[in-house]
Amino acid sequence: MLIIIVIYQLGNQIAQFFQLKVPGNVIGIVILFVLLWMGVIKTEQIEMAAGWLLKHLGFFFIPISVGLMTLGDILVNKGLYILFILMVSAFIGLLAAGKATQSVIMKKEKAEVNYHDHAL
Amino acid sequence: MITLYSVLLTVSVYIFVCFLGKKFSGPFTSPVFLSTAIIIILLLFSNVSYTDYLPAKNIMTYLLGPATVALALPIYKNRDLMIKYMSAALMGLSIGTITTITSAIILAKWLHFSNTIILALTVKSVTVPVATEIGRILKGNISLIAAFVIMTGMIGAMFGPKLLSLLKIHHPFARGLSIGTIAHGIGTAEAVKEGEIQGAVAGAAMGIAAVLTSVIIPYIIPFLI
């Protein structure tokens, strides 16, 4: 757990120091990934802490989401229209991203199967 | 005292909702959505304002950063898959990001919303810390941005998995990528529950989508508003 917290703080420091537009946590992901890849950190060392944190990842967003209670006025006046826009655009994005990714994967896998057939 | 009350309230509601979610699974038992709704109602009933709740919020969200960093582990474990499907991922990420931003702007213009709202809509799919940072640079309304981001995350987490199944998107890589790109961290939390690959891809997609959006937004804003 301590390893993960230290890496997160390091990510924050780097983001601040170089005035990056990327947040510290994204830099932290990159640092931890590189350290795992180089073998400096072994997966077993962080497995338990990381597993627990990820299992409850949703929990950490709840206190932030409670902040929605301060936006009562805007949401009461135009809430339904905004909800409509957010839902429709989210669905379009989910569909487009999912379909595009899956079709490229399928093409790739088909091409691989054909390649193997020819090899035989 | 209020802080202790707020922490205990939040944790016990979360535990209760998780338990409920195991018995009845559906979009409305999604933990972030249902817990938030119950907590807001209870806070209003017990006369605790969001300002009173803030110290508790800061304590409880301390581990959000480290939890996000922990996503490196599933990404590392599935690194071969990430490399193998790199081109598919980049295609899905760019198409997903662009379509969701454009459709939101077109709808907002059609409904005659102000530029402040349109600006906030453009960053709705970006993870909270990056979205507020972009908002600060573009002089947007930060609390409005945070609200849109959170609502988008909840929508993605609640309906994303069902919608993808309905549209026959079954490949775990494509499912994770789609949810991470559109519904950032809150969606990723849901994707983690679906499977290790989904969680890993969603986490990676969230990070890349955030970078992608922060790079393109300043350039497309002048054309759209």
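All of these numbers come straight from a predicted model, not from anything done at the bench. (Residues numbered from 1 in each chain as written. Chains lettered and ligands numbered in written order. Predicted model: local features only at pLDDT ≥ 70, side-chain atom pairs only at ≥ 80, totals over all residues. Heavy atoms only, no water.)

J.: Whenever I open this one, the packing of aromatic side chains confuses me. Can you help?
T.: Geometrically, a pair of aromatic rings is defined through the distance of the ring centres and the angle of the planes. Under the counting rule described, the total for this entry stands at ten aromatic pairs over all chains. Aromatic side chains Phe33(A) and Tyr76(B) sit 6.0 Å apart centroid to centroid with 75° between the ring planes, which places their arrangement in the edge-to-face category. Residue Phe33(A) is located in helix H2 (residues 24-38), and its partner Tyr76(B) is located in helix H5 (residues 72-77); the two belong to separate chains. Judged by its relative accessible area of 18%, Phe33(A) is buried. Centroid distance Phe59(A) to Phe60(A): 5.7 Å. Interplanar angle 80°. Geometry classified as edge-to-face. The class of Phe59(A) is buried, set by a relative accessible area of 10%. Looking at Phe60(A), the relative accessible area reads 4%, which means it is buried. In textbook terms, an aromatic cluster arises when at least three aromatic residues are bridged by ring pairs, as seen for Phe91(A), Phe28(B), Phe33(B) and Phe159(B). In this structure, Arg79(B) is placed above the aromatic ring of Tyr76(B), and the distance from its NZ or CZ to the ring centre is 4.1 Å. (Phe/Tyr/Trp six-rings, centres within 6.5 Å; stacked < 30°, edge-to-face > 60°. Helix = DSSP H or I, 4+ residues; strand = E, 2+ residues; numbered from the N terminus. Buried < 20%, exposed > 50% of the residue type's maximum accessible area, 1.4 Å probe, protein only. Lys NZ or Arg CZ within 6 Å of the ring centre and 35° of its normal.)

J.: Looking at this structure, how should I read the packing of helix H7 (residues 86-110) of chain B against helix H8 (residues 115-122) of chain B?
T.: In a packed pair of helices, the relevant descriptors are the angle between the two axes and the axis-to-axis distance. Residue and element names in this part refer to chain B. Where H7 contacts H8, the two axes come as close as 9 Å, and the packing angle between them is 165°. When the axes of H7 and H8 are compared, the pair comes out roughly antiparallel. Crossing angle aside, the handedness with which H7 passes H8 is right-handed. Touching Ile101, Ala104, Ile105, Ala108 and Lys109 of H7 are Ile118, Leu121 and Thr122, all from H8. Looking at the contact of H7 with H8 residue by residue, the classes come out as six nonpolar, one polar and one charged. (Axes fitted to C-alpha atoms, helices over the stretch in contact; angles between N-to-C directions. Parallel < 35°, antiparallel > 145°, perpendicular 65-115°, else oblique. Left-handed = near helix turned anticlockwise from the far one by under 90°. Contact = heavy atoms within 4.5 Å. Nonpolar A, V, L, I, M, F, W, Y, C, P; charged D, E, K, R; others polar.)

J.: Sorry if this is basic, but what is going on with the interface of chain A and chain B here?
T.: Size of an interface: often given as the accessible area lost when the parts come together. Counting from both sides, the interface comprises 71 residues of chain A and, opposite them, 93 residues of chain B. Around 7,500 Å² of area is buried between chain A and chain B when both sides are counted, 84% of it from carbon and sulfur atoms. The interface formed by chain A and chain B includes one salt bridge. A per-element tally of the side of chain A that touches chain B places helix H5 (residues 72-119) of chain A first, with 31 residues. (Buried area = accessible area lost by both parts, 1.4 Å probe. Salt bridge = Lys/Arg side-chain N within 4 Å of Asp/Glu carboxyl O.)

Interpretation note: all reported values are geometric properties and have no functional meaning in isolation.
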